[in-house]
Amino acid sequence: MSGGAAGAGCYNSESLTRATDARAGRRQRLLEALAELRCDAAVVSHLPNVRYLTGFTGSNGILFLSAERTVLFTDPRYELQAGEECDCRVRIVRGPTWDGVWRHAAGRRWRIALEAEHMSHAVWTETARRLGRNAPLKPLGGAVERLRKVKSPEEIGAIRASAKLCAAAFLQASRRFRAGMTENDAAAEIEYRMRKLGAEGAAFETIVAAGERAALPHARPGAARLEAGKPVLVDMGANLAGYMSDMTRVAHFGPPSREFARLYDAVLEAQQAALQVARAGVSASRVDKAARMALKARGLDRYFTHSTGHGVGLEIHEGPRLGAKSEDALEAGMVVTVEPGIYLSGKAGVRIEDTVLVTRTGAEILTSVSKGLLVLES
Ligand code: ZN
Ligand code: ZN
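Residues numbered from 1 in each chain as written. Chains lettered and ligands numbered in written order. Predicted model: local features only at pLDDT ≥ 70, side-chain atom pairs only at ≥ 80, totals over all residues. Heavy atoms only, no water.

Asker: Can you explain the domain arrangement of the chain? Please cite residues and give values.
Answerer: Segmentation of the chain into domains returns domain 1 (4-148) and domain 2 (153-376). Carbon and sulfur atoms supply 42% of the area buried between domain 1 and domain 2, which totals about 660 Å² over both sides. Counting every contact that joins domain 1 to domain 2 gives three salt bridges. The closest approach of N and O atoms between Arg148 and Glu315, which form a salt bridge, is 3.0 Å. Linking domain 1 to domain 2 there are four residue pairs in polar contact (both at pLDDT 80 or more). Within the residue set of the side of domain 1 that touches domain 2, elements represented by two or more residues are helix 2 (13-36) and helix 3 (47-54). At three residues, the largest contribution of residues to the side of domain 1 that touches domain 2 is made by helix 3. In the side of domain 1 that touches domain 2, the residues fall into two nonpolar, one polar and four charged. (Domains from an automatic or database assignment. Buried area = accessible area lost by both parts, 1.4 Å probe. Salt bridge = Lys/Arg side-chain N within 4 Å of Asp/Glu carboxyl O. Polar contact = N/O pair within 3.5 Å; in protein donor to acceptor, adjacent residues only side chain to side chain. Helix = DSSP H or I, 4+ residues; strand = E, 2+ residues; numbered from the N terminus. Nonpolar A, V, L, I, M, F, W, Y, C, P; charged D, E, K, R; others polar.)

Structure follows, in structure tokens:
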């Protein structure tokens, strides 16, 4: 069980103070962003953002933030937990949680920014009806997500631990891969190992794609069987204490065909080319381009059908995006994936992915599992 009481007991008072200071600093920076939007208050309802700003890990919480007050609205199930986790006022709402927020803000002349991209049209409309009479509502426009792009040393430590766990689980699970087992069996083995190693669970639904099914970038594991003489692609990540990791490796039962080895080498070369240019100050699109150019040199770029990577943190997909059209520049402290792939429909797919920490001088790989093609006995 993941009771807040047990969690709080593990912290010494120094680390608790550090966490509280970190959250207060994040809220302060959000207030500065609010001032730029000419707003007095923000209502944050996207749960990873709520967690980032308050420490609250429950499944229902809405944060009201202004220069004068920070209040978390949640329901009676979380009364104890919210009190232990949050360093702000907690208001328990019976009935719809939004109703508590509306009542709190009604009758004031606050200009309020909301996370339009994370809420239903119905909630936006009702909020406008209840609160927007004096000043129109404004979209917060990803202000919290922008703060989250650069990780604090504590967050980097958390992701590092998550990535290490992911790598260890892969090594343990892949030893048990046998020809004849289903993708589902293999995925279950991976998720079991992650849990046994201390993860809260998988960061996303584990992908195990047997043989040519790896040509589907988002293959769901099913009844297809791992086969002798064929490859298997695994894309997995751990959720450890709320922080995610993301890694893709390809294994092969017995020695690969020359053709498959050529595909694998091409993707590995593309990944290394991207890793080589990734460092603080470089545009995210340049990292994407490096991977694409390497594949182009082998005439394979048209089979690379997604972007090169994404940020990883409290969510498995967050900013920055490493794509051709990305306007982000890499900064020290960002944690991103680098994951080029090629997908030959009905034939084969290869993707190689690491979670890496961007530093001033380069990219430190956090998912440290060897990238030579893993040859398994069938
Ligand atoms: Zn992945
Ligand atoms: Zn990924």
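Asker: Explain the packing of aromatic side chains to me, using residue names and the numbers behind them.
Answerer: Working definition: an aromatic ring pair is given by the centre-to-centre distance plus the angle between the planes. All told, the structure shown has three aromatic pairs when counted by the stated rule. Seen from their ring centres, Phe56 and Tyr78 are 5.4 Å apart, and the 90 degrees between their planes marks the pair as edge-to-face. Taken together, the residues span a long stretch of sequence, with Phe56 in the loop between helix 3 and strand 2 (62-66) and Tyr78 in the loop between strand 3 (70-74) and helix 4 (79-85) at a distance of 22 residues. Residue classification places Phe56 among the buried residues on the basis of a relative accessible area of 2%. Ring centres 5.0 Å apart and planes at 45 degrees place the aromatic pair Phe64 and Trp110 in the tilted group. Remark: Trp110 occurs in the loop between helix 5 (97-105) and strand 5 (112-114) and Phe64 occurs in strand 2; sequence separation between them is 46 residues. For the pair shown, Phe64 and Trp110 are each scored as buried. Positioned above the aromatic ring of Phe304 is the side chain of Arg292, whose terminal nitrogen or guanidinium carbon lies 4.1 Å from the ring centre. (Phe/Tyr/Trp six-rings, centres within 6.5 Å; stacked < 30°, edge-to-face > 60°. Buried < 20%, exposed > 50% of the residue type's maximum accessible area, 1.4 Å probe, protein only. Lys NZ or Arg CZ within 6 Å of the ring centre and 35° of its normal.)

Asker: Describe the coordination of the zinc ion (ligand 2), with residues and values.
Answerer: Coordination of the zinc ion (ligand 2) by the protein is provided by Asp246 (OD), His310 (NE2), Glu339 (OE) and Glu353 (OE), with metal-donor distances spanning 2.1 to 2.2 Å. Given four donor atoms and angles of 80 to 151 degrees at the metal, the environment of the zinc ion (ligand 2) is assigned as irregular. Read from N- to C-terminus, the donor residues coordinating the zinc ion (ligand 2) fall into the pattern D-x63-H-x28-E-x13-E. A separation of 3.2 Å is found between the zinc ion (ligand 2) and the zinc ion (ligand 1), both of which receive a donor from Asp246. In this pair, Asp246 is assigned in the loop between strand 11 (243-244) and strand 12 (247-253) and Glu339 in the loop between strand 15 (335-338) and strand 16 (341-344), connecting sequence segments 93 residues apart. For the residue pair Asp246 and Glu339, the accessibility class agrees, reading buried in each case. (Donors = N, O, S within 2.8 Å, 3.2 Å for Na, K, Ca; no water. Tetrahedral: all angles 85-135°; square planar, octahedral: opposite > 155°, others 65-115°.)

Asker: Mind laying out the nonpolar core, listing which residues take part and the relevant values?
Answerer: In terms of nonpolar packing, the biggest core is built from 40 residues, with Tyr264, Val287, Leu330 and Val350 touching the most fellow members. Of all the secondary structure elements, the ones that give two or more residues to this core are strand 8 (207-210), helix 10 (258-277), helix 11 (284-296), strand 15, strand 16, strand 17 (348-351) and strand 18 (354-358). The leading source of residues in this core is helix 10, at ten residues. Those residues within four positions of Leu330 in sequence are excluded, and the remaining contacts are Ala278, Arg279, Ala280, Gly281, Val282, Ala284, Val287, Pro320, Leu322 and Val358. The next biggest cluster of nonpolar side chains, apart from the first, holds 35 residues, and it includes Cys86, Leu140, Ala143 and Ile316. (Core = buried A, V, L, I, M, F, W, Y, C linked by side-chain atoms within 4.5 Å. Contact = heavy atoms within 4.5 Å.)

Asker: Tell me about the sheet that holds strand 12, and please be specific about residues and values.
Answerer: Reading across the sheet, the four strands line up as 8-9-12-20 and stay open at both edges, with mixed pairing between neighbours. Pairing within the sheet leaves two strands with one partner each, and these edge strands are strand 8 and strand 20 (374-376). The mean angle between the axes of side-by-side strands here comes to 25 degrees, regardless of whether they run parallel or antiparallel. Judged from the six bridges that link them, strand 9 (residues 231-236) and strand 12 form a sheet pairing that is antiparallel. Looking at strand 12, one finds that Val232 is bridged to Ala251. Against the sheet, helix 9 (residues 183-196) makes contact with strand 8 and strand 9, and its axis sits at roughly 150 degrees relative to strand 8, the strand it touches most. (Pairing = 2+ DSSP bridges. Axes fitted to C-alpha atoms, helices over the stretch in contact; angles between N-to-C directions.)

Asker: Residues and numbers for the side chain of Glu85, please.
Answerer: Looking at the secondary structure, you find Glu85 in helix 4. There is no salt bridge for the buried Glu85, and the closest opposite charge comes from Arg51, which lies 6.7 Å off by N-O distance. For Glu85, the residues in contact, after removing those within four places along its chain, are Arg23, Thr54, Gly55, Phe56, Thr57 and Gly58. (Lys, Arg positive; Asp, Glu negative; His and termini not counted.)

Asker: Any chance you could break down the coordination of the zinc ion (ligand 1) for me, citing the residues and the numbers?
Answerer: Taken together, Asp235 (OD), Asp235 (OD), Asp246 (OD) and Glu353 (OE) make up the protein donors of the zinc ion (ligand 1), found 2.1 to 2.6 Å from the metal. For the zinc ion (ligand 1), the four donor atoms in the first shell make angles of 55 to 149 degrees at the metal, so the coordination geometry reads as irregular. For the zinc ion (ligand 1), the single-chain donor residues occur in sequence as D-x10-D-x106-E.

Asker: So what's going on with the pairing of strand 16? Which residues, and what values?
Answerer: What you see with strand 16 is no split at all: Gly341 and Tyr343 on one side and Ile342 and Leu344 on the other are buried throughout. As paired elements, strand 16 and strand 17 share four bridges and run antiparallel to each other. Each bridged residue has a counterpart across the sheet, and for Leu344 the counterpart in strand 17 is Ala348. In textbook terms, the turn of a hairpin is the stretch between consecutive antiparallel strands, and for strand 16 and strand 17 this stretch comprises three residues, one of which, Gly346, has a positive phi near 75 degrees.

Asker: Quick rundown of the pairing of strand 18? Include the residues and the values.
Answerer: By the criterion of burial, strand 18 is predominantly enclosed, with five of the five residues buried. Because side chains alternate across strand 18, one face comprises the buried residues Asp354, Val356 and Val358, and the other comprises Thr355 and Leu357, equally buried. Pairing of strand 15 with strand 18 involves four bridges; the strand directions are antiparallel. The residue bridging Thr337 from the neighbouring strand is Thr355, located in strand 18. Two strands pair when backbone bridges link them, and strand 18 and strand 19 (residues 363-365) are joined in this way by three bridges, in the antiparallel orientation. Across the sheet, the residue bridging to Val356 is Ile365, located in strand 19.

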